[in-house]
Protein chains: 2
Amino acid sequence: MTTIAFAGLGAMGLPMARNLLARGHRVRGIDINPGALDALAAAGGERTPGAAAAAEGADVLILMVINAAQAEQVLFADGALQALPEGGIVCLMATCPPGAVARIAERVDAAGRRFVDAPVSGGTAGAIAASLTIMAACERESFKTMQPVFQAIGQRIFHVGERPGQGATVKTVNQLLCGVHIAVVAEAFSLAAKAGVDLDVLLEIMGGSAASSWMLKDRGPRMLQAEPEVSSAVDIFVKDLGIVLEAGREAKAALPIAAVAHQMFLATSGRGEGRADDSQVIRSYHRLNGLT
Amino acid sequence: MTTIAFAGLGAMGLPMARNLLARGHRVRGIDINPGALDALAAAGGERTPGAAAAAEGADVLILMVINAAQAEQVLFADGALQALPEGGIVCLMATCPPGAVARIAERVDAAGRRFVDAPVSGGTAGAIAASLTIMAACERESFKTMQPVFQAIGQRIFHVGERPGQGATVKTVNQLLCGVHIAVVAEAFSLAAKAGVDLDVLLEIMGGSAASSWMLKDRGPRMLQAEPEVSSAVDIFVKDLGIVLEAGREAKAALPIAAVAHQMFLATSGRGEGRADDSQVIRSYHRLNGLT
C-alpha cells in the first residue's frame, strides 16, 4: 500500500485517483476545486488542508495538473516538495514540454527527492478503465518502486529511458502523430467533399485500407457530424501540438507537417471554437476551402 | 466468361491478369515489354500483334498502365478504342488525376463505348492475393457487368459514384492519407532521435496507442533499417502526392499538409534516392535535422 498525494483531480486525474483507491492505496487529493475534493472523499480519499499537508509523510506525489506551470506551483510555491519526505517520489504525469520536465527534475533532485517523468496516453476512457499507457523515464530503482501505482492505473507500462524528459518526449511524439492524423483526415475530407464524393462511403473504404489510422476511425465519423459530443477539445491539441513545436525548438528539429497541423487547430480556436470536439478542426478546412 | 484486353502487365498488372485467367476469363495482353507478354502466355494468356488486335472483339479493355498519358496512348494513338466493339467497356484502373480521368471518359463516351473509372488499392501483395480494394465510379449497369471481373481480382468492391473521376478522387484521397502518414512517422522519428529516445521502444508504444496508423506499423520498422527491401518506391509517392496536389488544383482546394509531405518525398528523389523504399523519406528528415 502506497500513500499518494494526488494533485489535479480533473477529467483524467479523478478517475485515476479512484482506481488507486480501488487497489487499496491511500490517496490525498490536491485541487483548487472543492467539488473535486468532495468527489475524491466520496470514493474513500483523504481531505487535507492543502498541497503541503497532503505531501507530508506521503511516499509519492503524483502531478496530473494542466501544465508545467501548475506543477511548479504545487511543488515549489505551495510547498509540496519540501513537505514530501526525503527520498519520496515526485511523479509528473501531465503532458509537459520535455525541457520543462528536465528543469523541474533538476530542482526535485537538488532537494533530495526522486523524480519520475511518466506521462500517460489513453484519454478519459483509459483513465476510467485503468488501461492507460504509461511512458516512464527515471532510474530503474524508482521505476520498480512505482510498479504498484502504475499497475493500478495503466495497462501498457514502458520504461523508455533513465533521463527525465525522455518520457515527455515519447508523449510529445505520440501527440505529434495524433494531432497530424486528425488534421490530415479533415484535409482529405475537404478535398473529397469539394469533388462531390460521398464521405460515408469514403470513410468505410479508408477505414479498411492502408490509409487507415486509429484517429481516422475514431474522429472520422465525428467529422461528419455538425456538433458531435466533445470527447477531447480542439484546445487540447492547440496546447499539445504547441508542446510538440516547443520540443522541436528545444531539440532544434524542424517539424514542418506538425507546424501546419497546429495552425489548423489554432485557427479553429481563434474563431472561438476551442471547446468543440477536436474533430471539428475540419471547420478550418471548410472555411479555408469554401465548403459549408 | 469475359474476354479482356489487358494493358500494362507490370508489378500490379501481371498478377491481376493471372488471377483473371485463373477464374476462367480470356485475357489478351498489351505491353511494350515482350517479357511481360511471355509471362502472361505462360499463365494461359493470348498473344496478339498489338493493342488494337487485343481489343478487337473484347468485352472489356482494362488499363493498368503507369499514368493517364499511357492510357491515352493505348486508347487513342494505338487504336484500342476504335477496335473495341461498340458498347464495350474501357476500365481504367491505374492511379490518375480525377480531371484526366473525366476527360478520357468523355472521349470514350463520344466513341460509343462505356467507361468505368476503377482505381485499386492494396499494392502488389493485394494484386497477387486477389484482395484488392476497387473504387469504381460508373453507371450502375456497367458496375453490374464488371462484377465477374472485379471479383476475380478484388475483395472489397465499392461503387463510389456514377460520375467518372469520382473513383479517381477516392483513390487520390487514399493516397493523400497514405503519403502523409508515412512522412509524418519519419518526422516524428526525427524528433525522437534528436531527443535521444530509443526508436524501437517508441515504435512499440505508438503501434498500440491512438497515434497508430496502418503505415506506422508497416513502414515504421523499415524506417529503422538503412537499406530495407523495396516494397513500394519513393517515386510512387512523388507521383501519387503529385496527383493529389493536381486534384487539389483542379478542385481549387488547398491541401497544406499534403503539400509539405510531397516536398519531403520529392527531395528524397531529387538526391537520386527515388528507387529506394518509400520508408526512406526519413532520409530527408535526417538531412534536414542533421541526423546520421
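Residue positions are given per chain, counted from 1 along the sequence in the order it is written. All chains are assigned letters beginning with A, and all ligands numbers beginning with 1, in the order in which they are written. Since the coordinates come from a predicted model, pLDDT governs what is reported: local features require at least 70, and pairs of side-chain atoms require 80 or more to be given and counted, while whole-chain, interface and lining totals use all residues. Excluded from the side-chain calculations are hydrogens and water; all other atoms, namely the structure's heavy atoms, are used.

A short note on the overall build of chain A
Thought 1: Within chain A, the secondary structure is distributed over 15 helices and eight strands.
Thought 2: Two things to know: the radius of gyration comes from C-alpha atoms, and the globule rule equals 2.2 Å times the number of residues to the power 0.38. Taking 19 Å as the expected radius of gyration for a compact globule of 292 residues, we find that chain A reaches 20 Å, a close match to that expectation.
Thought 3: In terms of principal-axis extent, the alpha carbons of chain A reach across some 65 × 45 × 35 Å.
Thought 4: Across the 292 residues that make up chain A, the buried fraction comes to 60%.
Thought 5: A contact between two residues is defined here by any heavy atoms of the two lying within 4.5 Å. A separation threshold of at least 6 residues defines the contact pool for chain A, and within that pool the share at least 24 residues apart is 65%.
Thought 6: Areas reported as accessible are Shrake-Rupley estimates using a 1.4 Å probe. Residue values count occlusion only from the protein chains shown. Surface accessibility of chain A: about 10900 Å² in total, with carbon and sulfur atoms responsible for 51%. Helix numbering and strand numbering both begin at the N terminus, where a helix is a DSSP run of H or I of at least 4 residues and a strand a DSSP run of E of at least 2. Any residue under 20% of the maximum accessible area for its type is buried, any over 50% is exposed, and the rest in between are partly exposed; the area is computed with a 1.4 Å probe on protein chains only.

A few points about the relation of the copies chain A and chain B
Thought 1: Each copy of the sequence occupies a distinct position, and chain A is placed on chain B by a rotation of 180° and an axial shift of 0.0 Å, giving an RMSD of 0.0 Å. Here the two chains are linked by the operation of a two-fold rotation axis. Using C-alpha coordinates, one finds that chain A approaches the rotation axis most closely at A:Ser213, a distance of 1.9 Å. Least-squares fitting of one copy onto the other uses the C-alpha atoms of those residues that reach a pLDDT of at least 70 in both copies.

Here we look at helix α14 (residues 256-273) of chain A
Thought 1: With 18 residues, α14(A) extends 24 Å between its outermost C-alpha atoms, agreeing within 8% with the 26 Å of an ideal straight helix rising 1.5 Å per residue.
Thought 2: Every buried residue of α14(A) is listed here: A:Ile257, A:Ala258, A:Val260, A:Ala261, A:His262, A:Met264, A:Phe265, A:Thr268 and A:Glu273.
Thought 3: Each element contacted by the buried residues of α14(A) is listed here: α10 (166-194), α13 (234-251) and α15 (282-289) of chain A together with α10 (166-194), α14 (256-273) and α15 (282-289) of chain B. The span one expects for a helix is its residue count, reduced by one, times 1.5 Å.

A closer look at the packing of helix α1 (residues 13-22) of chain A against helix α2 (residues 34-42) of chain A
Residue and element names in this part refer to chain A.
Thought 1: At a minimum axis distance of 10 Å, the contact between α1 and α2 shows a crossing angle of 25°. With respect to α2, the axis of α1 lies roughly parallel. The way α1 lies across α2 gives a crossing that is right-handed. For the pair α1 and α2, contact is made by Leu-14, Ala-17, Arg-18 and Leu-21 and by Ala-36, Ala-39 and Leu-40, respectively. Here the axes come from fitting lines to C-alpha atoms, over the contacting stretch only for helices, and the angles between their N-to-C directions go from 0 to 180 degrees. Orientation labels follow simple angle bins: below 35 degrees gives roughly parallel, above 145 gives roughly antiparallel, 65 to 115 gives roughly perpendicular, and whatever is left gives oblique. Whether a crossing is left-handed or right-handed is set by the direction in which the near helix is turned from the far one by less than a right angle, anticlockwise for left-handed and clockwise for right-handed.

A look at the UniProt feature "domain: 6-phosphogluconate dehydrogenase NADP-binding" (unreviewed entry) in chain A
Thought 1: UniProt positions are given in the numbering used here, feature names are shortened, and annotations may be inferred rather than shown by experiment. Per the UniProt record, "domain: 6-phosphogluconate dehydrogenase NADP-binding" (unreviewed entry) is annotated on residues 3-161 of chain A.
Thought 2: For residues 3-161 of chain A, the helix share is 45%, the strand share is 24%, and the end-to-end C-alpha distance is 25 Å.

What to know about the interface of chain A and chain B
Thought 1: Each partner contributes residues to the interface: chain A has 59 residues there, and chain B has 59 residues.
Thought 2: On the chain A side of the interface with chain B, the three residues burying the most area are A:Leu191, A:Ile205 and A:Ile257, jointly 14% of the side's total.
Thought 3: A carboxyl oxygen of Asp or Glu within 4 Å of a side-chain nitrogen of Lys or Arg is what we treat as a salt bridge. The interface formed by chain A and chain B contains zero salt bridges.
Thought 4: Here a polar contact is recorded for every N or O atom pair within 3.5 Å, except that within protein the pair must consist of a potential hydrogen donor and a potential acceptor, and residues adjacent in sequence are included only if both atoms are side-chain atoms. Inspection of the chain A/chain B interface yields 22 residue pairs in polar contact (both at pLDDT 80 or more). Put simply, buried area is how much 1.4 Å-probe accessible surface two parts lose in total, over both of them, once they are put together.

Some remarks on the UniProt feature "domain: 3-hydroxyisobutyrate dehydrogenase-like NAD-binding" (unreviewed entry) in chain A
Thought 1: Using the residue numbers shown here, the UniProt feature "domain: 3-hydroxyisobutyrate dehydrogenase-like NAD-binding" (unreviewed entry) corresponds to residues 165-284 of chain A.
Thought 2: As annotated, residues 165-284 of chain A has a helix share of 72% and a strand share of 0%, and its two end C-alpha atoms lie 33 Å apart.

A word on the packing of helix α11 (residues 199-207) of chain B against helix α12 (residues 214-223) of chain B
Residue and element names in this part refer to chain B.
Thought 1: Their axes nearest at 10 Å, the elements α11 and α12 cross at an angle of 175°. Classed by the angle they form, the pair α11 and α12 counts as roughly antiparallel. For the pair formed by α11 and α12, the contact residues are Leu-203, Met-206 and Gly-207 on the first element and Leu-216, Lys-217, Gly-220 and Pro-221 on the second.

Considering the environment of A:Ile66
Residue and element names in this part refer to chain A.
Thought 1: The topology assignment puts Ile-66 in the loop between β3 (60-63) and α4 (68-77).
Thought 2: Note: C-alpha distance between Ile-66 and Lys-239 (173 residues apart in sequence) is 10.0 Å.
Thought 3: If we ignore the near neighbours within four places in the chain, the residues touching Ile-66 are Thr-95 and Lys-239.

Side note on helix α1 (residues 13-22) of chain B
Residues and elements named next belong to chain B.
Thought 1: Buried residues dominate α1, accounting for eight of its 10 residues.
Thought 2: For α1, every residue scored as buried is listed here: Gly-13, Leu-14, Pro-15, Met-16, Ala-17, Asn-19, Leu-20 and Leu-21.
Thought 3: Among the residues trailing α1, Gly-24 stands out with phi positive, at a value near 95°.

Some thoughts on the pattern of salt bridges
Residues and elements named next belong to chain A.
Thought 1: Here the structure, examined in full by the defined rule, presents 26 salt bridges over all chains.
Thought 2: Between Asp-278 and Arg-219 there is a salt bridge; the shortest N-O distance is 2.6 Å. Highlighted residues: Asp-278 in the loop between α14 and α15 and Arg-219 in helix α12 (residues 214-223), separated in sequence by 59 residues.
Thought 3: Take Asp-278: its relative accessible area is 0%, and that puts it in the buried class.
Thought 4: For Arg-219, a relative accessible area of 7% corresponds to the buried category.
Thought 5: Glu-273 is paired through a salt bridge with Arg-271; the nearest N and O atoms lie 3.3 Å apart.
Thought 6: Owing to a relative accessible area of 16%, Glu-273 belongs among the buried residues under this scheme.
Thought 7: Taken together, the salt bridges that share partners define one network made up of Asp-218, Arg-219, Arg-222, Asp-277 and Asp-278.

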